[in-house]
Amino acid sequence: MSEKKTVDILIVGVGGQGTLLASRVLGKYATDIGRDVKLSEVHGMAQRGGSVMTYVRIGEDIASPIIDEGGADLILAFEKLEALRYLHYLKKGGEVLYSTQEIMPMPVVTGAAEYPKGIESQLPGVGVDALGLSLEAGNAKSANAVMLGALCKKMGLDREKFENALLSCIPPKTIEMNRRAFALGYAAV
Amino acid sequence: MKKLMLGDHAVARGAWEAGVKVAAAYPGTPSTEITEEIARFPEVYSEWSPNEKVALEVGLGASIKGARAIVSMKHVGLNVACDPLFTASYTGVNGGLVIAVADDPSVFSSQNEQDTRLTAVSAKVPVLEPSDSAEAKEFTKYAFELSEKYDTPVILRLTTRVAHSQSLVELEDRKELGLRPYEKNIPKYVMMPANARVKHVVVEERTRKLSEDSETFPINRVEKKGRSLGVICSGGVYQYVKEALPDASILKLGLVYPLPIGLIRKFAESVDRCIVAEELAPHIETIVKAAGIKVEGKEIFPLEGEFSAKLIRERVLGEAPGGACANVPARPPVLCAGCPHRGVFYVLSKLKLNVLGDIGCYTLGAVPPLSAMDAVVCMGASIGMAIGFDKADPEAHSRSVAVIGDSTFIHSGITGLIDAVYNKAKVTVIILDNRTTGMTGHQDHPATGKTIKKEDTYELDLAEVCRAVGVKDVCTVNPNDLAATESAVKAALANEGVSVVIAKKPCVLLKKRLYEGFRVNEKCKKCKACLKLGCPAIVNGKDGITIDVSLCTECGLCQGVCKFGAIDGEVK
């Protein structure tokens, strides 16, 4: 992220997984290093276990807060199926950093649909066992910190500054667990 | 100092910097965070009002008494507040009165996609529309100035994308203002016919004057580029236009009602092709075309949904549409794992009842497999609709219920209940009392016993309210106790009068704790009874039925429906 060009990151997942936290950490980091940034979030009903996406645009003099189809440099996906759902947002040559976790959408639970097979072979990028590593760090809730650790490494961000941005956005009593989760994610890619 | 801020927070900051003294609101996505943020400022009195009408009346009263006041709501909230709005337009203000209203193009979290600008035109109230967080703050301050200068309430119109995006904002200090002197003024503030007739003339003249003055307002500005294409736009759409059409000339309107017709005419004449780009209704376009100015608008743009830079390139330049979404199973929002509403909807689904629903998280009771909802319209409508069911078909009451949340009941359900008793309806009302305003992110309300600033206050007793309006059959159940909930609902349905069942259990998200999650043991017969709960933590996968420990909140509902004792875990 040393160049002046705009970097567009699409964060997708299932409501409740912490996509909002991830975008806010990226926003904090970008502000800390003196870049212009716009974030766009989804609140309200869509957050209740539905498919969610948030946009992060970092660069100089950003206009639109949203990323168009075919415009994302990177998709950070907290769930595999969600990565596939939004794959058409990826720029040619862009990459997907995804959690290998599967969360069954309600139509799959009720038997109206099947969870697609072979998703990973369709995703250009790297998978991380965020759920497994989060349990190693202490609790499944830290899976988003695992993914942020992986993102930090993947994008070549300043680890100390990025980790500090994360730690400033979370409740103090979860700092140690999130620090462990971040380190595990960082080492995983 | 620059700070990355949510559009809503920037509005709050702007109000604070403008010396606002009173803020009132009822929560509503995407406007909720305005008042949550204002509540953090000790200089400002802030409140969650029971509904938007009361909020606006509180704001108007504060304004008449000489304070600057801000009232915030979502677009459909403005419908509730329309009664005071239309006449506050006549009375005008003393201290500045700003009404922040957030529209929801693409219906992310609402029941319709209405356009606040059209309401403002009917009420003859000026509208400002910011395009990002920096403008959200600046326009809020400017709105207070306009309000006082032109003696009118001013609407600050946001959309989801402006309200819930974050961008950089320059922070400034608060300007502390004393109260403006209040003088009793019957012709100005008492809107009886003789005064209202006079004030209507004043309102029309004010609108005309504002339109004329706005020709030179700095917030209406031309960004001159090429001659071949000119775009008239405002709000979030301006950002998309700037990105999609870097060579186009732009007339960016900050005041979107009334409009600077002279400026618009001059701009349109200065370009070969002039387009109005606006989300939802053709508000600017209609006024501009009525003035005989040649523009393109909804001939090329949709009336529905939010825009993007991509959509503008497609519709203006003929660019090909983007790639399609992969053909994968949909993931609709669902009631959270551990949601206390689930038990009630499981019972309603099992009993195959008609359910008149209401606005809140529990609208998700309509999602399969529960599918336990027949109609959802607006805040408080469930009880009225249940009365209508009963009056249309005397047999309906034994097969139908109204469900309404605690906050929604206080917002506008109580009057429906009074109607039910007064007009001898046979209805069963289930109040889904999760001790908070859930969908909008856990705001307090009159029955939580806490104010917006978390101070203790009188805790409204919902059961006593029901009894006070004349309901004799009122009971309270724990909705996670399925047997008790089912028998309470059956007893209420058998009652030939008005019954209220209060299903009381706090929203699972209020408990900020970590869970281990329950486990399915070897006794599981794969009967799939637990799947009927529609719990997102229960997975029917290749390894049989399992529980996703990252989602499970140990509510125990699945243990209640499992006949084989196949789920291990202890409800704490």
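Residues numbered from 1 in each chain as written. Chains lettered and ligands numbered in written order. Predicted model: local features only at pLDDT ≥ 70, side-chain atom pairs only at ≥ 80, totals over all residues. Heavy atoms only, no water.

## Quick notes on the overall build of chain A
How we decide: Each helix is a run of DSSP H or I of at least 4 residues and each strand a run of E of at least 2, with the numbering of both proceeding from the N terminus. A simple rule labels every residue: compare its accessible area, found with a 1.4 Å probe on the protein chains alone, to the largest value its type can have, and call it buried under 20%, exposed over 50%, or partly exposed in between. The contact criterion used throughout is that any non-hydrogen atoms of two residues lie within 4.5 Å. The accessible surface values rely on the Shrake-Rupley method and a 1.4 Å probe; as for residues, cover is taken only from the protein chains in view. A residue counts as positive if it is Lys or Arg and as negative if it is Asp or Glu; His and the chain ends are not included. Lys charges are placed at NZ, Arg charges at CZ, Asp charges at CG and Glu charges at CD.
For chain A, the count of helices and strands is 7 helices and 6 strands. Helices and strands appear in chain A in the N-to-C order β-α-β-β-β-α-β-α-β-α-α-α-α. On the principal axes, the C-alpha backbone points of chain A span a range of 50 × 35 × 30 Å. Counting the 189 residues in chain A, one finds 63% classified as buried. Residue pairs at least 24 apart in sequence account for 64% of intrachain contacts in chain A once pairs closer than 6 positions are excluded. Looking at chain A as shown, the accessible area adds up to about 6700 Å², and 50% of this sits on carbon and sulfur atoms. Taking the average location of the 21 positive side-chain charges in chain A and that of its 22 negative ones, the two points are 2 Å from each other.

## Considering the pattern of salt bridges
Short version of the rule: Take a side-chain nitrogen of Lys or Arg and a carboxyl oxygen of Asp or Glu: if they are within 4 Å of each other, that pair is a salt bridge.
Taken as a whole and judged by the stated rule, the model has 59 salt bridges over all chains. Across the salt bridge formed by A:Glu41 and A:Arg24, the nearest N and O atoms sit 2.9 Å from each other. In this pair, A:Glu41 sits in the loop between β2 (36-40) and β3 (51-59) while A:Arg24 sits in helix α1 (residues 19-32), placing the two residues 17 residues apart along the sequence. A relative accessible area of 2% means that A:Glu41 is categorised as buried. Residue B:Arg208 is joined to B:Glu205 by a salt bridge in which the shortest nitrogen-to-oxygen separation is 2.7 Å. Taken together, the residues B:Arg208 and B:Glu205, both in helix α10 (residues 193-213) and 3 residues apart, mark about one turn of the helix. Assessed through its relative accessible area of 41%, B:Arg208 is described here as partly exposed. Residue classification places B:Glu205 among the partly exposed residues on the basis of a relative accessible area of 39%. A single network of salt bridges, built from pairs that share partners, joins B:Arg13, B:Glu17, B:Lys137, B:Glu138, B:Lys141 and B:Glu172.

## Section: the sheet that holds strand β10 (residues 229-234) of chain B
Residue and element names in this part refer to chain B. The criterion, for reference: Pairing between two strands is assigned when DSSP locates at least 2 bridges connecting them. Here an axis means a line fitted to C-alpha atoms, over the contact stretch when the element is a helix, while the angle between two N-to-C directions is reported on a 0 to 180 degree scale.
What the 4 strands build is an open sheet, ordered β9-β11-β10-β13; its pairing is mixed. Pairing within the sheet leaves two strands with one partner each, and these edge strands are β9 (221-223) and β13 (273-276). The average angle at which neighbouring strand axes cross in this sheet is 20 degrees, direction not considered. Examined bridge by bridge, β10 and strand β11 (residues 249-253) share 5 bridges and lie parallel to one another. Each bridged residue has a counterpart across the sheet, and for Ser-234 the counterpart in β11 is Leu-253. This element, helix α11 (residues 235-244), spans β9, β10 and β11 of the sheet and lies at about 150 degrees to β10.

## What to know about the sheet that holds strand β3 (residues 45-48) of chain B
All names here are of chain B. Here 7 strands make up an open sheet; going across it, the order is β3-β2-β4-β5-β7-β6-β12 and the pairing mixed. Sheet topology places β3 and β12 (255-257) at the edges, where each strand pairs with a single neighbour. Its contacts with the sheet put helix α1 (residues 7-17) on β4 (69-74), β5 (97-103) and β7 (154-159), and the angle it makes with β7 is roughly 155 degrees.

## With respect to the state of the cysteines
Residues and elements named next belong to chain B. Which entries qualify depends on this criterion: Defined by distance alone, a disulfide is two cysteine sulfur atoms within 2.5 Å.
Tallied over the entire structure, the rule returns 0 disulfides over all chains. Note on Cys-274: no disulfide assigned, nearest cysteine sulfur contributed by Cys-233 at a separation of 10 Å. In this model Cys-336 remains outside any disulfide bridge; the closest cysteine sulfur is found in Cys-339, 6.2 Å from its own.

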